[in-house]
Amino acid sequence: MRSYLSKMVTSTQLPEREERAEHIADAGYNVFNLSSSDVFIDLLTDSGTGTMSDEQWAALFRGDEAYAGSSSFEALEDAVKSVMGFEHVVPAHQGRGAENVLYGTLFESDDVVPNNTHFDTTRAHVANAGAEPVDCPVDGAMDPDASGDFKGNLDIDAVRSLVEDRGAASVPAIILTITNNSAAGQPVSVENTRKASDLADELDVPLVIDACRFAENAYFVTQREPGYEDATVAEVAREQLSYADALVMSAKKDGITNIGGFVAVRDPELFERVKQRAILYEGFSTYGGMAGRDIEALAVGLQEAVEDEYVAQRIGQTQELGEQLAAAGAPIYQPLGGHAVYLDAEALLSHLPLAKYPGQALVVELYREGGVRGVELGSFAFPDTDRPELVRLALPRRTYHREHLDHIVETVTAVMEHAESVPGYEVVWEPPRKELRHFSAELEPV
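Residues numbered from 1 in each chain as written. Predicted model: local features only at pLDDT ≥ 70, side-chain atom pairs only at ≥ 80, totals over all residues. Heavy atoms only, no water.

## Concerning the nonpolar core
In step 1: With 60 residues, the main nonpolar core has Val80, Met84, Phe214, Leu241, Leu247, Phe262 and Leu302 as its most contacted residues.
In step 2: The residues contacting Phe262, other than those within four sequence positions of it, are Val80, Met84, Val89, Val90, Pro91, Ala92, Ala98, Leu247, Val248, Met249, Leu298 and Leu302.
In step 3: Of all hydrophobic cores here, the second largest spans 55 residues; its members include Tyr333, Val363, Val364 and Phe382. (Core = buried A, V, L, I, M, F, W, Y, C linked by side-chain atoms within 4.5 Å. Buried < 20%, exposed > 50% of the residue type's maximum accessible area, 1.4 Å probe, protein only. Contact = heavy atoms within 4.5 Å.)

Structure (structure tokens):
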């Protein structure tokens with residue numbers, strides 16, 4: 001059984017209720033605009049918010065800050081090769097930097113890009129390249145009450161239909177996001193990955209895996225997919241990623257670092273193209289906008305991420321929170337995913353029509369009630385899409401403890417008790433690019 005000892009702590013304080021009401025109003029009822037010092041428990045994201053190990057902190061001191069050809073980059077190359085099976089690596093400062101480098105290289109105007117479900121920055125980068133992002137989730141993926149072990153899978157038949165409708169020449173790649181963040185962190189099976197790879201081969205296009213939570217996905221495979229009961233997380237991860245032609249990675253998730261990302265590819269010609277774009281947007285191809293010390297910590301984090309006991313503890317904490325919330329009567333997405341618990345805001349705030357953003361209303365109320373910051377992943381974050389009104393409570397890695405989980409459950413329970421009095425909201429300002437409006441838009445209560 002894996003557990004952790006705290007070697008460094010930081011204090012946090014719950015602001016008074018009146019202060020919380022004032023803070024959220026000043027933030028335009030958008031939790032992205034809150035100061036972290038005004039947040040008691042921060043579940044906005046698990047991206048870059050986790051706690052590094054002592055081995056990772058030690059690695060920081062080994063960082064080689066050479067502009068070109070640093071030994072830290074060589075350590076990252078070795079880690080990506082041993083853990084993920086890719087030889088060609090281009091660092092980036094974080095996941096969206098890696099997306100810009102790879103997707104800006106692969107996609108052009110009028111392309112159509114299928115994905116099991118595009119997340120916000122992925123959708124925006126595909127659109128920014130002039131291409132059209134198309135979601136192809138399996139049936140039930142957007143239903144919080146539907147059963148299924150691998151609701152994160154790609155609908156292979158839907159991709160085939162898209163190809164038939166738009167023409168094979170218009171599809172430059174297939175993207176598979178593991179786990180499927182926009183479908184409540186649901187895993188993708190190895191079988192589905194293999195079928196996606198076969199289809200990509202038929203079309204003569206690369207299969208790209210968004211691997212930011214590849215280790216969590218591999219753990220679910222060991223628990224749910226027949227034939228993998230005795231496999232280790234590391235073994236499943238290597239096999240599943242072996243079907244991909246390219247990876248895009250936010251290392252702030254399963255790299256267990258506070259910053260960083262990378263692109264990994266197999267094709268030497270694509271590698272050269274990616275390197276040139278990375279030099280333009282991220283930095284030289286052996287540092288990619290990252291400090292050498294952060295690259296060194298990432299190399300250690302990738303190896304820690306596939307340790308069986310670590311992943312079991314990581315996902316076990318999420319399961320514990322979900323089970324407590326379900327026992328309290330909260331409507332949550334089932335089955336539970338790996339990095340977060342997703343509340344069904346449409347069910348919890350059933351008096352609010354979709355036009356009044358029940359998901360964002362729930363996010364605001366969780367902060368106002370208990371200083372808990374979550375994030376809406378429904379119609380506010382994904383306008384003009386048919387997404388369920390989910391609120392994600394993403395747990396940072398190795399950061400919070402049982403008393404924090406208890407407070408989260410108490411906060412959700414308190415909101416449920418006065419749910420009918422929670423107001424809806426309207427957007428009063430948003431940026432021109434609506435795909436990313438939830439990061440900065442402002443709202444008012446209706």
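Next, the rest of the story.
## Topic: the pairing of strand 3 (residues 112-115)
In step 1: By the alternation rule, side chains of strand 3 split into Val112 and Pro114 and Val113 and Asn115, which are all buried.
In step 2: Looking at chain direction, strand 3 and strand 4 (residues 132-135) are connected through 4 bridges and run parallel. Bridging from a neighbouring strand, Pro114 pairs with Val134 of strand 4.
In step 3: Each parallel crossover has a hand, and for strand 3 linked through helix 5 (residues 120-128) to strand 4 it is right-handed. (Helix = DSSP H or I, 4+ residues; strand = E, 2+ residues; numbered from the N terminus. Pairing = 2+ DSSP bridges. Right-handed = clockwise from strand over helix to strand, strands pointing away.)

## Quick notes on a negative patch on the surface
In step 1: On the surface, Glu16, Glu18, Glu19, Glu22 and Asp26 cluster together to form a negatively charged patch.
In step 2: Since its relative accessible area comes to 49%, Glu22 is described here as partly exposed. (Patch = residues over 30% accessible without salt bridge, like charges linked within 9 Å, V, L, I, M, F, W, Y side chains within 5 Å. Areas by Shrake-Rupley, 256 points an atom, 1.4 Å probe, with all protein chains shown as cover. Salt bridge = Lys/Arg side-chain N within 4 Å of Asp/Glu carboxyl O. Lys, Arg positive; Asp, Glu negative; His and termini not counted. Charge placed at Lys NZ, Arg CZ, Asp CG, Glu CD.)

## Observations concerning the pattern of salt bridges
In step 1: Overall, the coordinates contain 24 salt bridges when judged by the stated rule.
In step 2: The partner of Glu269 in a salt bridge is Arg273, with the nearest N and O atoms 3.8 Å apart. With Glu269 and Arg273 both in helix 10 (residues 268-281) and 4 residues apart, this pair spans about one turn of that helix.
In step 3: Arg273 sits in the partly exposed class, given a relative accessible area of 36%.
In step 4: Among the charged side chains, a network of salt bridges with common partners joins Asp46, Arg213, Glu216, Asp254, Arg314 and Arg397.

## Topic: the packing of helix 4 (residues 95-106) against helix 10
In step 1: With their axes 9 Å apart at the nearest point, helix 4 and helix 10 run at an angle of 125° to one another. One element, helix 4, and the other, helix 10, form an angle in the oblique class. Viewed along their axes, helix 4 and helix 10 form a crossing whose handedness is right-handed. Facing Asn100, Val101, Leu102, Gly104, Thr105 and Leu106 of helix 4, the residues of helix 10 in contact are Leu270, Arg273, Val274, Arg277, Ala278 and Tyr281. (Axes fitted to C-alpha atoms, helices over the stretch in contact; angles between N-to-C directions. Parallel < 35°, antiparallel > 145°, perpendicular 65-115°, else oblique. Left-handed = near helix turned anticlockwise from the far one by under 90°.)

## Brief notes about helix 11 (residues 292-305)
In step 1: Across its 14 residues, helix 11 extends 20 Å between first and last C-alpha, which sits within 8% of the 20 Å expected from 1.5 Å per residue.
In step 2: Most of helix 11 sits inside the fold, with 11 of its 14 residues counted as buried.
In step 3: Considering only its buried residues, helix 11 is in contact with helix 2 (54-60), helix 3 (71-84), helix 8 (214-224), strand 7 (246-250), strand 8 (261-265) and helix 12 (308-327). (Expected span 1.5 Å × (residues − 1).)

## Remarks on the side chain of Glu365
In step 1: For Glu365, the position within the fold is in helix 14 (residues 358-370).
In step 2: With sequence-adjacent residues up to four places away left out, Glu365 is seen in contact with Val415, His418 and Val422.

## Here we look at the sheet that holds strand 9 (residues 340-344)
In step 1: The 3 strands lie next to each other as 9-12-11, forming an open sheet whose pairing is antiparallel. At either end of the open sheet lies a strand with only one pairing partner, and these are strand 9 and strand 11 (375-376).
In step 2: As paired elements, strand 9 and strand 12 (residues 390-394) share 5 bridges and run antiparallel to each other. Bridge pairing in strand 12 links Ala340 to Ala394.

## Topic: unusual backbone geometry
Note: most residues except glycine have negative phi, and most peptide bonds are trans.
In step 1: Look at the link from Ile178 to Thr179: it is a cis peptide, with omega at -15°.
In step 2: Along the polypeptide, Thr179 turns up in the loop between strand 5 (174-177) and helix 7 (190-203).
In step 3: Across the junction of Gln334 and Pro335, the peptide omega takes the value -10°, indicating a cis bond.
In step 4: Within the element layout of this structure, Pro335 appears in the loop between helix 12 and strand 9.
In step 5: You will see that Asp110, though not glycine, has its phi angle at about 75°, which is positive.

## Description of the environment of Thr49
In step 1: Mapped onto the fold, Thr49 is located in the loop between strand 1 (41-42) and helix 2.
In step 2: Note: C-alpha distance between Thr49 and Asn258 (209 residues apart in sequence) is 6.1 Å.
In step 3: What Thr49 contacts, discounting residues up to four positions off in sequence, is Pro396 and Thr399.
In step 4: In this structure the side chain of Thr49 is engaged in a polar contact, spanning 2.9 Å, whose partner is the backbone oxygen of Thr45. (Polar contact = N/O pair within 3.5 Å; in protein donor to acceptor, adjacent residues only side chain to side chain.)

## Points about the packing of aromatic side chains
In step 1: Taken as a whole and assessed by the stated rule, the structure comprises 8 aromatic pairs.
In step 2: Taking 4.9 Å as the distance between ring centres and 70° as the angle between the ring planes, the aromatic pair formed by Phe32 and Phe439 counts as edge-to-face. Linking Phe32 in the loop between helix 1 (17-26) and strand 1 with Phe439 in the loop between strand 13 (425-429) and strand 14 (442-445), this pair joins segments that are 407 residues apart in sequence.
In step 3: Taken together, the ring pairs in this structure connect Tyr67, Phe284 and Tyr287 into an aromatic cluster.
In step 4: The residue whose ring lies beneath Arg266 is Phe86, and the NZ or CZ to ring-centre distance is 3.8 Å.
In step 5: Arg387 extends its terminal NZ or CZ atom over the ring of Phe382, reaching a point 4.0 Å from the ring centre. (Phe/Tyr/Trp six-rings, centres within 6.5 Å; stacked < 30°, edge-to-face > 60°. Lys NZ or Arg CZ within 6 Å of the ring centre and 35° of its normal.)

## Focus: the environment of Lys195
In step 1: Structurally, Lys195 can be placed in helix 7.
In step 2: Owing to a relative accessible area of 44%, Lys195 belongs among the partly exposed residues under this scheme.

## Points about the packing of helix 1 against helix 14
In step 1: Running from N to C, helix 1 and helix 14 point in directions that differ by 150°, and their axes come no closer than 7 Å. It follows from the interaxial angle that helix 1 and helix 14 lie roughly antiparallel. Contacts between helix 1 and helix 14 pair Arg17, Arg20, Ala21, His23 and Ile24 from the former with Val364, Tyr367, Arg368, Glu369 and Gly370 from the latter.

## So, the state of the cysteines
In step 1: Tallied over the entire structure, the rule returns 0 disulfides.
In step 2: No disulfide involves Cys136; its nearest neighbouring cysteine sulfur is the one of Cys212, lying 19 Å away. (Disulfide = S-S within 2.5 Å.)

## Considerations on the environment of Asp308
In step 1: Relative to the assigned elements, Asp308 resides in helix 12.
In step 2: The exposure class assigned to Asp308 is partly exposed, which follows from its relative accessible area of 36%.
In step 3: Each C-alpha atom of the pair Asp308 and Glu389 lies 33 Å from the other, and the pair is 81 residues apart in sequence.
In step 4: Residues in contact with Asp308, not counting those within four places in the same chain, are Thr232, Val233 and Ala234.

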